[in-house]
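Structural overview for review
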Amino acid sequence: MKKNMLFLFLLEFCAVSCGVGNSSSSNFLLSSSSTKISQSISSTSTNSSVSSISDSSFNKASSSKGVSSMSSSSIIIDKDNNDGYVIYINLDGFGRYYYDEAVSRGLVPVLESIKNEGAVFKNLKTVSPSITNPCQAMIISGATSSKTRNVYRYYDKKNDIVVQQARENDADTLYSSVKRNGVSAATIHHFPAESEFSITNKEALYIKTPYGEVSNYATRFDQAIKLIKGQQFKNDSTFMIVPDIPRFISIYCDDLDALGHNESAYDTFSVASTEVERVNNVVTRLGQIDGKIGELIQACKDVGIYDKTTFFLTTDHGMQGFGAESKITTLTSKYSKTKWPELKEKLAAINSKYIFEYVAQNKSPKSSTTVVGVGVGLQMPLTFKGITLTENELQNIKTSLKQEYYIADVLTRAELIKEGFWNGANVDLLVIPAERYHFHGRDNSSNMYAVRGQHDTISAQATNIYGAIWGYNVKNLGEIDLECRNISFGSTMAQYLDIDLLNSNAPVIEEIIE
């Protein structure tokens, strides 16, 4: 550890002295993780239903490529010769409001007990764009999209086409770092590790659910429990035993996300017909997952590693309900139909030269189009084509758009870049719908939507998320008001594992480290 820290200190000193390491997309500075997160993150909001994502700390706390963000941290964890373990649980689509509802019903006793052994975050937020692939990449890289360069979908001005991204990630990740640093690791279905790990390498093991079995939370947690106990398990179609417990284990479950979207039946659940039923389905499954988390904790105690294990539990995003609140009110609800035709008219009213087109992935806009929309369903990213607008001009357009009843907020290009959004995505304005309004229905604006969930927005339901850290070398803080982002979980996991995370620009959560 001391040799690594000395090497990284010298490397950083050289980078600063020589003036190298600046990102091509923004002039980021090397981080100082001793800066308090509560001082560096803004919580202002212009709409009560919208959570602010502006965060100037990303301009101050970014590592250059090839330099570890850990090298400037004031915290060094005593890992007793690196014998500690880290278990990372990611429950896709875990909005904080689901947890609060589950607590009120007494469904999550294990999660409630966690606050007695560590820190449960009351003000944890995700980072834009709050979409699964980009967010999962940002968490394991401890970085914003300015580093990962994945925003899911964007308009490529140079090639005049809408680009659809998948799992691209230009930044270093926890998975590549554990391999590089010789840390044994295994994941149960956390898909970003699939390109780094394999189902045969027991030092970097990708574990699937048994072939032919339902791949839900229960089978995935069971795989993790067998792994920890040194029991035989079936990895896809191959039986295996891992004799030594990996120091880093991650578990990914997408049950909450599937039920939250309410697009189709899932597992034993039918499609909900009301918003109340949609939330009830999610909270019911959350209660079931709570029981499996308890079994996982007990397994760690049974094999004697619980007191040496640090647990991280969080998510990529929450879930905003949209469309009519009940199936029977679909025809009459003001939320059923998309609002992009009205947005198109509004832009034209602001300036007749603003000709909007909602363009599908892998397609090019018409030659007459001057405003390209590439929405996923809720928020609408806008890129001006053939028109260059100043920040003042964008602010004026923002002011006009925010007068519309169906728009909660608008973020300009400068505001997005300030909070770490990749400027290579060419987003000039990001339009955020209010309440349960949406921008779905690109191909058919007459389509009606009811009792659905989506998360590509900065509304409170989508942005305010669950997060907890507890166990080994974690302060017993209970529920804390500390404001931070889920991407700091990645940076903090790297700190606990004593590994480098080369492109991290999210501060380590020093306040919870004992």
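Our structure's up above, just so we're on the same page.
Residues numbered from 1 in each chain as written. Predicted model: local features only at pLDDT ≥ 70, side-chain atom pairs only at ≥ 80, totals over all residues. Heavy atoms only, no water.

A word on the overall build of the protein
We apply this condition: Runs of H or I in DSSP of at least four residues are treated as helices and runs of E of at least two as strands, each being numbered from the N terminus. With a 1.4 Å probe rolled over the protein chains alone, any residue whose accessible area is under 20% of its type maximum counts as buried; one over 50% counts as exposed, and the rest are partly exposed. It only takes one pair of heavy atoms within 4.5 Å for two residues to be counted as in contact. Per-residue and other accessible areas follow the Shrake-Rupley method at a 1.4 Å probe size, with only the shown protein chains counted as cover for residues.
In terms of helices and strands, the protein carries 16 helices and 20 strands. Counting over 514 residues, the protein shows a buried share of 60%. Here the contacts in the protein between residues at least 6 apart in sequence split such that 74% fall between residues at least 24 apart. For the protein, the exposed area adds up to about 19,600 Å²; of that, 49% sits on carbon and sulfur atoms.

Notes on the environment of Asp-255
Definition in use: We define a polar contact as two N or O atoms separated by no more than 3.5 Å, with the added condition that, inside protein, one atom must be a possible hydrogen donor and the other a possible acceptor, whereas residues neighbouring each other in sequence contribute only through side-chain atom pairs.
Position of Asp-255 relative to the elements: it lies in helix 10 (residues 255-261). Residue classification places Asp-255 among the buried positions, given a relative accessible area of 1%. Expressed as a C-alpha distance, the spacing of Asp-255 and Asn-216, which sit 39 residues apart in the sequence, is 6.6 Å. If sequence neighbours within four positions are ignored, Asp-255 has contacts with Asn-216, Tyr-217, Tyr-266, Arg-285 and Ile-289. Here the side chain of Asp-255 touches Tyr-217 through a polar contact of 3.2 Å, landing on its backbone nitrogen.

Considering the pattern of salt bridges
Short version of the rule: Salt bridges are defined as contacts in which a side-chain nitrogen from Lys or Arg sits within 4 Å of a carboxyl oxygen from Asp or Glu.
Inspection of every chain in the model, using the stated rule, returns 24 salt bridges. Here Lys-179 and Glu-196 are joined by a salt bridge, their closest N and O atoms 3.9 Å apart. Here Glu-196 lies in the loop between strand 5 (185-188) and strand 6 (204-207) and Lys-179 lies in helix 8 (residues 174-180), a separation of 17 residues in the sequence. Given a relative accessible area of 28%, Glu-196 falls into the partly exposed group. With a closest N to O distance of 4.0 Å, Glu-435 and Lys-334 form a salt bridge. Taken together, the residues span a long stretch of sequence, with Glu-435 in the loop between strand 16 (429-433) and strand 17 (452-454) and Lys-334 in the loop between strand 11 (320-322) and helix 12 (340-350) at a distance of 101 residues. Each of Arg-96, Asp-100 and Glu-479 takes part in a single network of salt bridges with overlapping partners.

Quick look at the packing of aromatic side chains
For the record, the criterion: Note on ring pairs: Phe, Tyr and Trp rings are taken, using the six-membered ring of Trp, and paired if centres are within 6.5 Å. Classes follow the plane angle, with under 30 degrees stacked, over 60 edge-to-face and the rest tilted.
All chains considered together, the criterion is met by 21 aromatic pairs. Their ring planes at 40 degrees and their centres at 4.4 Å tell us that Tyr-97 and Tyr-98 sit as a pair that is tilted. Here Tyr-97 and Tyr-98 have matching classes, each one buried. Ring plane angle 80 degrees and centroid distance 5.3 Å describe the contact between Tyr-405 and Tyr-406, whose orientation is recorded as edge-to-face. Looking at Tyr-405, the relative accessible area reads 46%, which means it is partly exposed. Three or more aromatic residues link up through ring pairs in this structure, and these residues are Tyr-335, Tyr-405, Tyr-406, Tyr-437 and Phe-439.

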